[in-house]
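Chain residues, written in single-letter form:
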Amino acid sequence: MSLDIVGNNLEPPAPAPTPDVHRMKVLTVNTHKGFTVFNRRFILPELRDAVRSTSADLVFLQEVLGEHEKHASRYDQWPVMSQYEFLADSMWSDFAYGRNAVYPDGHHGNAVLSKYPIKSYRNLDISITGPERRGLLHCVLDVPGHEQVHAICVHLSLLESHRQLQIVLLNQLLKSLPPKDPVIIAGDFNDWKLQGNAALAQRDDLHEVFERHHGKLAKTYPARWPLLRLDRIYLRNATSHNPTVLGNKPWTHLSDHLPLAVDVHL
């Protein structure tokens, strides 16, 4: 005897709801275009392994190459894709790139790698005058449990007068964002005189994670003998936990800056 099935009224089960996210690990690193100090050796594959080992949810990159034709023909391990795509690999599903400096062989800028969807992004030109080109890469993230989370990747000028004007532009960007949204700002501020930090410290809605926990900013430059406090992570509408300077090998050999990491609770 056979059973003829003429129809099926069963509906597939509804997908399980995505759990809310209330904490994420953040990493910021100046990649030095994938080279060691003084450009002695190309180490981007080693840098990728090190970045992956942190298991960060959100990665802020400065001085990352989008393209460089001369390097691509010179180095055997040069990736066929951009450096930020190579670093993202299969671990960070979304990435955004803000091109700042353009030259005959290619271009470089800031990038954000994210395990959460990047709903939109924009690169704001904050260059003042002269050949030095700088930008703020602003990403809007779709993080479960939050309407939106903002990530701003920063690389400021080498000149104090330019940095002061760029801090004003950063403050204008912050003022334009919804006041209750979580905001993560990270990158290379080049603020060795600490005047930019003093200006940002006047805001009562913002805190720098190392200053909050240790009473002072982290020393990150030069990587092997850090003396200057150049790299920062600032938060708004979020709390920071366990801020860490990644100051051991291999990090001391992978860039001229030491990376910073922190657990962010939203």
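Residues numbered from 1 in each chain as written. Predicted model: local features only at pLDDT ≥ 70, side-chain atom pairs only at ≥ 80, totals over all residues. Heavy atoms only, no water.

- Within an unreviewed UniProt entry, the label attached to the chain reads Metal-dependent hydrolase, endonuclease/exonuclease/phosphatase family, and the organism entered is Pseudomonas taetrolens.

1. Topic: the sheet that holds strand β7 (residues 149-155)
Reasoning step 1: Pairing is mixed in the open sheet, where six strands are placed in the order β5-β6-β7-β8-β10-β9. At either end of the open sheet lies a strand with only one pairing partner, and these are β5 (118-125) and β9 (207-208).
Reasoning step 2: Here β7 pairs with strand β8 (residues 183-188) via six bridges, running parallel. Residue pairing across strands places Ile152 opposite Ile185, the latter belonging to β8. (Pairing = 2+ DSSP bridges. Helix = DSSP H or I, 4+ residues; strand = E, 2+ residues; numbered from the N terminus.)

2. Examining unusual backbone geometry
Reasoning step 1: The amide bond that connects Tyr221 to the next residue, Pro222, takes the cis arrangement and shows omega of -10 degrees.
Reasoning step 2: Going from Lys249 to Pro250, the amide bond is cis rather than trans, its omega being 5 degrees.
Reasoning step 3: The topology assignment puts Pro250 in the loop between β11 (239-245) and β12 (260-265).
Reasoning step 4: In this structure, Asp89 takes a positive phi of about 50 degrees despite not being glycine.
Reasoning step 5: Locating Asp89 in the fold gives a position in the loop between α3 (83-88) and β3 (94-103).
Reasoning step 6: You can call Asp89 partly exposed: its relative accessible area is 40%.
Reasoning step 7: Non-glycine residue Asn237 carries a positive phi angle of around 55 degrees.
Reasoning step 8: Tracing the backbone shows Asn237 in the loop between β10 (231-236) and β11.
Reasoning step 9: A residue is classified by how much of its surface remains accessible, and Asn237, at 35% relative accessible area, is partly exposed. (Buried < 20%, exposed > 50% of the residue type's maximum accessible area, 1.4 Å probe, protein only.)

3. A look at the packing of aromatic side chains
Reasoning step 1: Overall, the coordinates contain nine aromatic pairs when judged by the stated rule.
Reasoning step 2: Between Phe189 and Tyr234, the aromatic rings sit 5.3 Å apart at their centres with planes inclined by 65 degrees, giving edge-to-face as the arrangement. Pair noted here: Phe189 is in the loop between β8 and α5 (195-200) and Tyr234 is in strand β10, with a separation of 45 residues, a long-range link.
Reasoning step 3: Residue classification places Tyr234 among the buried residues on the basis of a relative accessible area of 2%.
Reasoning step 4: Taken together, Phe35, Phe42, Tyr75 and Trp78 form an aromatic cluster joined through their ring pairs. (Phe/Tyr/Trp six-rings, centres within 6.5 Å; stacked < 30°, edge-to-face > 60°.)

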